[in-house]
Amino acid sequence: MTGTWLGMPPFPEAARKALGDTQLRTNLRKATGTIRGKRAAVVAERADWEALRVAGKEIKDRTLHNLDTYLEQLERNVTAAGGVVHWARDAAEANRIVIDLVRAADADEVVKVKSMATQEIELNEALAEAGIAAYETDLAELIVQLGHDRPSHILVPAIHRNRAEIRDIFLREMPGVTEALTDDPAELAAAARAHLRRKFLTAKVAVSGANFAVADSGTLVVVESEGNGRMCLTLPEVLISVVGIEKLVPTWQDLEVMLQLLPRSSTGERMNPYTSTWTGVTPGDGPREFHLILLDNGRTDALADDIGRQALRCIRCSACLNVCPVYERTGGHAYGSVYPGPIGAILTPQLRGVTADEVSPTLPFASTLCGACYEVCPVLIDIPQALVHLRAKAVDAKRGKPSAERAAMRVAQWFFGSSRRLRVAQRLVATGGRVLSRRGRIGRLPGPLKGWSGARDTATPPRRTFRTWWESR
Amino acid sequence: MTAREEILGRIRSALSTVDKTETVVSRDYEQTIEGDLVELFAERVADYRATVVRTAADRLPEAIAEQLAHFGISSVVTPADLPAQWVPHADTDAPPLRVPALDATDGVVTACAVGIAETGTIVLDAGAGQGRRALTLVPDFHLCVVRADQIVGTVPEAIARLDGTRPLTWISGPSATSDIELNRVEGVHGPRILVVVIAGAPEEVPQATRMSSISTP
């Protein structure tokens, strides 16, 4: 992790700030409400939806359980089709490979297709440092880039912005845009089209990610809506794709499952407007050079965890964000990572390490464990199970260090350790409770108990405990 | 140690306790669908606010000409191997037009490889009558001819017909975005107008029928 996400506050702190932003909450409620409705409608059309989810899960499990074999197969097939395969242990290595390739192509700018992997490795910042300008071409990424902002959603990084805010950003940052621009979404899209057109037609190098990489054919797949992906994948001379090692599927046939699950789960469409697939290079059609960078960057650590591993099945649809009651209220920035929402809460601590920074250990707690995310996940990731597992890891990592919670537990342990001590404790609680009680309830308490009691009443402990009643029978 | 060896090594040690027998993938989802596939295809393509036209195969050139006239398309480019009688006055992409020339062209007319009824998708595979990928991307208007016998019911049927090693473009409606408040808006970087002409057997459709249309953006 470098600049962009460095020093982000822990989730509870960031969430508290986000909750105070009423504009943000209005924007998110509207957007997530819209998408939930659309997804539900297209999923309901399919009587075989559960069978598709099971197949999706099994395909990804099959991939992960034999990842080394499939990666080698992919490498052979991409190479045979005229592509070049690179391997990157971490973000710095991946960024260095991209920079070297751009320089070798004698270019000082690249056009980019929206890609979570390049967000994760903070490629744009690394390119800027190397004097290479990166132009985001996805509309939402463009809004984020022009707004000097951070992404807050996997699919729609500018989901926290409404149309009026987007118009203001365009007016401020887009050369040639005048006051005549309204906040009509169609007009805003047209402005983005005009802004990027020349870049597309003249760019020498493009950088993309991939939604899927097919081992048995060596094919890469990009699923998109606007056509910016097609532009980047087709017109430049050199194409560089940065792809996480978990993005594989074993066979060409497996795409028949993924291409049904992904659009319905992410944008709530039967099919997204454009899907491009390519295998190496095709003479006379598209880029003359194709480089595939296979990225680890913490994925093998997640792979080693029997419960955490399932997070690597993720196909980045963002359905779990859209149904999450926590995400809907705090927005994506509070998660302090490119991967927000429920999937981010289990992916980020695994990719970075649960104790890597201030944010990571707080993320597994950024959930009510309601399970809505599991119900919509197209590849059946049991997010609540992984959250609980990672909570245990976060707690384990702190063992041995003094904390109020730990001290309280130690005291409780001592009292529960003998029946005599428990009896004393019960008597103390019964008396103390009556002193603090108002109308049969204990309200807000002072000191370290404030956090818990601020929003919860406790019933007054009964005058007689079960034991005293039992003994008096 | 190279990055490749190190990553593969990490994977192998991460999976050392995992059962390596291949997970069987249960494919209990629908492979085919029943009903009038051409009708369903036309309906679903129109749902994306593309224009859908049905015509008898022997009236195809007239149907294409009508659509070009309707949308005011005067300069047209076609793949070199598209049947010449489909668009008699078109420029062919041989030798390949340079990008600025393509950008200055009003529209493109192509054939396709497969149509998928359930999702309203057309797939181009750079095969006969389809040309290279840039051809159907840069001009702002794309008219695609789908023969009724090219329409399959489902995504699995399409995947089975397609060759993964060819460069494919799956198209479901005109270019669109959901990036502003998650509402779908048509018309961003790809062609803003998509016209799909379904060419049936001559006896099937007596005359051109207009299924639906949108006004020019």
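Residues numbered from 1 in each chain as written. Chains lettered and ligands numbered in written order. Predicted model: local features only at pLDDT ≥ 70, side-chain atom pairs only at ≥ 80, totals over all residues.

- Taking an unreviewed UniProt entry as the reference, chain B is identified by name as Lactate utilization protein C belonging to Actinokineospora xionganensis.

- For chain A, the name recorded in an unreviewed UniProt entry is Iron-sulfur cluster-binding protein, with Actinokineospora xionganensis as its organism.

Comments concerning the overall build of chain A
Right, on to step 1. Looking only at helices and strands, one finds 22 helices and 12 strands in chain A.
Right, on to step 2. Oriented by its inertia axes, the alpha-carbon framework of chain A measures out at about 95 × 55 × 50 Å.
Right, on to step 3. Here chain A holds 473 residues, and the buried ones make up 52% of them.
Right, on to step 4. Within chain A, residue pairs in contact and separated by at least 24 positions form 74% of the contacts whose partners lie at least 6 positions apart. (Helix = DSSP H or I, 4+ residues; strand = E, 2+ residues; numbered from the N terminus. Buried ≥ 20, exposed ≤ 12 C-beta atoms within 10 Å, placed from the backbone. Contact = placed C-beta atoms within 7 Å.)

Brief notes about the overall build of chain B
Right, on to step 1. Counting secondary structure elements, chain B contains five helices and 13 strands.
Right, on to step 2. Considering only C-alpha atoms, chain B reaches an extent of 65 × 45 × 40 Å along its principal axes.
Right, on to step 3. Looking at chain B as a whole, 51% of its 217 residues are labelled buried.
Right, on to step 4. Long-range contacts, defined as pairs at least 24 residues apart, comprise 74% of the intrachain contacts of chain B with a sequence gap of at least 6.

A word on the packing of helix 3 (residues 49-65) of chain A against helix 12 (residues 255-266) of chain A
Each pair of packed helices gets described by two things: the angle between the helix axes and the distance between those axes.
Residue and element names in this part refer to chain A.
Right, on to step 1. As a packed pair, helix 3 and helix 12 sit with axes 9 Å apart at the nearest point and diverge in direction by 120°. Compared by their axis directions, helix 3 and helix 12 come out oblique. Seen along the crossing, helix 3 lies across helix 12 with a hand that is left-handed. In this structure, helix 3 contributes Leu52, Ala55, Gly56 and Ile59 to the contact, and helix 12 contributes Val257, Met258, Gln260 and Leu261.
Right, on to step 2. When the residues that make up the contact of helix 3 with helix 12 are grouped by side-chain class, the tally is six nonpolar, two polar and no charged. (Axes fitted to C-alpha atoms, helices over the stretch in contact; angles between N-to-C directions. Parallel < 35°, antiparallel > 145°, perpendicular 65-115°, else oblique. Left-handed = near helix turned anticlockwise from the far one by under 90°. Nonpolar A, V, L, I, M, F, W, Y, C, P; charged D, E, K, R; others polar.)

Details of the domain arrangement of chain A
Right, on to step 1. Under the domain assignment, chain A is made up of domain 1 (3-300) and domain 2 (407-472).
Right, on to step 2. A separation of 54 Å is found between the C-alpha centroids of domain 1 of chain A and domain 2 of chain A. (Domains from an automatic or database assignment.)

Topic: the sheet that holds strand 5 (residues 212-214) of chain A
Right, on to step 1. Strand order in the open sheet made by the eight strands is 8(A)-5(A)-6(A)-9(A)-9(B)-6(B)-5(B)-8(B), with mixed pairing throughout. Each end of this open sheet is capped by a strand with a single partner; those strands are strand 8 (248-249) of chain A together with strand 8 (151-152) of chain B.
Right, on to step 2. Pairing between strand 6 (residues 121-124) of chain B and strand 9 (residues 168-171) of chain B: three bridges, direction antiparallel. Residue pairing across strands places Leu124(B) opposite Thr169(B), the latter belonging to strand 9 of chain B. (Pairing = 2+ DSSP bridges.)

Topic: the interface of chain B and chain A
Right, on to step 1. Taken together, the contact between chain B and chain A spans 59 residues of the former and 77 residues of the latter.
Right, on to step 2. At the level of elements, helix 1 (3-14), helix 4 (99-103), helix 5 (155-161), strand 9, strand 10 (176-180) and strand 11 (183-186) of chain B are the ones that each hand at least two residues to the side of chain B that touches chain A.
Right, on to step 3. Counting residues per element, the side of chain B that touches chain A draws most heavily on helix 1 of chain B, at nine residues.
Right, on to step 4. One ladder, built from four bridges, connects strand 9 (residues 274-279) of chain A with strand 9 of chain B; its direction is antiparallel. Each bridged residue has a counterpart across the sheet, and for Thr275(A) the counterpart in strand 9 of chain B is Trp170(B).

Regarding helix 3 (residues 60-70) of chain B
Every α-helix carries 3.6 residues per turn, so stepping three or four residues along brings you back to the same face.
All names here are of chain B.
Right, on to step 1. For helix 3, every residue scored as buried is listed here: Leu60, Ala63, Ile64, Gln67 and Leu68. Projection of helix 3 onto a plane perpendicular to its axis shows the buried side chains occupying an angular sector of 135°, all on one side.
Right, on to step 2. Contacts made by the buried residues of helix 3 are with strand 1 (51-56), strand 2 (76-78), strand 4 (107-110), strand 7 (141-147) and strand 12 (193-200). (Arc of directions from axis to C-beta.)

Here we look at the UniProt feature "domain: LUD" (unreviewed entry) in chain B
Right, on to step 1. Cross-referencing UniProt, the feature "domain: LUD" (unreviewed entry) maps to residues 105-198 of chain B in the present numbering.
Right, on to step 2. From the first C-alpha to the last, residues 105-198 of chain B spans 24 Å; its make-up is 7% helix and 41% strand. (UniProt positions renumbered as here; feature names shortened; annotations may be inferred.)

Overview of the UniProt feature "domain: LUD" (unreviewed entry) in chain A
Right, on to step 1. Sequence positions flagged by UniProt for "domain: LUD" (unreviewed entry) are, in local numbering, residues 71-294 of chain A.
Right, on to step 2. When the span residues 71-294 of chain A is considered, its composition is 41% helix and 21% strand, and the gap between its end C-alpha atoms is 9 Å.

Overview of the confidence of the model for chain B
Low pLDDT means the predicted coordinates in that region are not meant to be read closely.
Residues and elements named next belong to chain B.
Right, on to step 1. Here chain B shows a mean pLDDT of 91. Residues at 70 or above account for 92%.
Right, on to step 2. Residue range residues 205-217 is modelled with pLDDT below 50. Its contacts to residues more than four positions away, or to other chains, number 27 contacts.
Right, on to step 3. The ipTM value of the predicted complex is 0.92, and its pTM value is 0.91. (pLDDT = per-residue confidence, 0-100.)

Comments concerning the packing of helix 16 (residues 341-352) of chain A against helix 18 (residues 383-398) of chain A
Residue and element names in this part refer to chain A.
Right, on to step 1. Here helix 16 crosses helix 18 at 40°, and the two axes come no closer than 10 Å. Classed by the angle they form, the pair helix 16 and helix 18 counts as oblique. The handedness of the crossing between helix 16 and helix 18 is left-handed. Counting all contacts with helix 16, which are made through Pro342, Ile343, Ala345, Ile346 and Pro349, the residues of helix 18 involved are Ile383, Ala386, Leu387 and Leu390.

Describing the sheet that holds strand 2 (residues 109-112) of chain A
All names here are of chain A.
Right, on to step 1. Across the sheet, six strands lie side by side as 1-10-7-4-2-3; this open sheet has parallel pairing. In the strand order of this sheet, the two ends are held by strand 1 (84-88) and strand 3 (133-136), each with one partner. Sheet twist, expressed as the average angle between the axes of neighbouring strands with direction ignored, equals 25°.
Right, on to step 2. Across seven bridges, strand 7 (residues 238-244) lies against strand 10 (residues 289-295) in parallel orientation. Bridge pairing in strand 10 places Val243 opposite Leu294.

Observations regarding the environment of Gly371(A)
Residues and elements named next belong to chain A.
Right, on to step 1. Its location among the elements puts Gly371 in the loop between helix 16 and helix 17 (372-376).
Right, on to step 2. With 14 C-beta atoms counted inside 10 Å, the residue Gly371 sits in the partly exposed group.
Right, on to step 3. Separated by 322 residues in the primary sequence, Gly371 and Trp49 place their C-alpha atoms 18 Å from one another.

So, the pairing of strand 4 of chain B
All names here are of chain B.
Right, on to step 1. With burial as the criterion, each face of strand 4 is covered, one bearing Gly107 and Val109 and the other bearing Val108 and Thr110.
Right, on to step 2. Note: strand 2 against strand 4, two bridges, orientation parallel. For Val76, the partnering residue across the bridge sits in strand 4 and is Gly107.
Right, on to step 3. Two elements, strand 4 and strand 7, share four bridges in a ladder whose sense is parallel.

Quick look at the nonpolar core
Right, on to step 1. Core analysis: the biggest nonpolar cluster contains 195 residues, and Val110(A), Ala206(A), Ile293(A), Leu295(A), Cys320(A), Val196(B) and Val197(B) have the highest contact counts within it.
Right, on to step 2. At seven residues, strand 12 of chain B tops the list of elements feeding residues into this core. (Core = buried A, V, L, I, M, F, W, Y, C linked by C-beta atoms within 7 Å.)

What to know about unusual backbone geometry
In terms of backbone geometry, most residues other than glycine have negative phi values and most peptide bonds are trans.
Right, on to step 1. In this structure, Pro95(B) follows Ala94(B) across a cis peptide bond, with omega equal to -5°.
Right, on to step 2. Mapping Pro95(B) onto the fold places it in the loop between strand 3 (91-92) and helix 4.
Right, on to step 3. Although it is not a glycine, Glu122(A) adopts a positive phi angle of roughly 55°.
Right, on to step 4. Within the fold, Glu122(A) resides in the loop between helix 6 (116-120) and helix 7 (123-129).
Right, on to step 5. With a phi angle near 50°, Arg439(A) is a residue other than glycine that sits in the positive phi range.
Right, on to step 6. Inspection of the secondary structure assignment puts Arg439(A) in the loop between helix 20 (419-436) and strand 11 (441-442).
Right, on to step 7. Of the residues examined, Arg439(A) has 7 C-beta atoms within 10 Å and is grouped as exposed.

Some details on the environment of Ala210(A)
Residue and element names in this part refer to chain A.
Right, on to step 1. You can see Ala210 is positioned in the loop between strand 4 (205-208) and strand 5.
Right, on to step 2. As a C-alpha pair, Ala210 and Glu187 span 23 residues in sequence and 29 Å in three-dimensional space.
Right, on to step 3. Not counting chain neighbours up to four residues away, the residues in contact with Ala210 comprise Leu220, Val221, Val222, Ser241, Val243 and Lys247.

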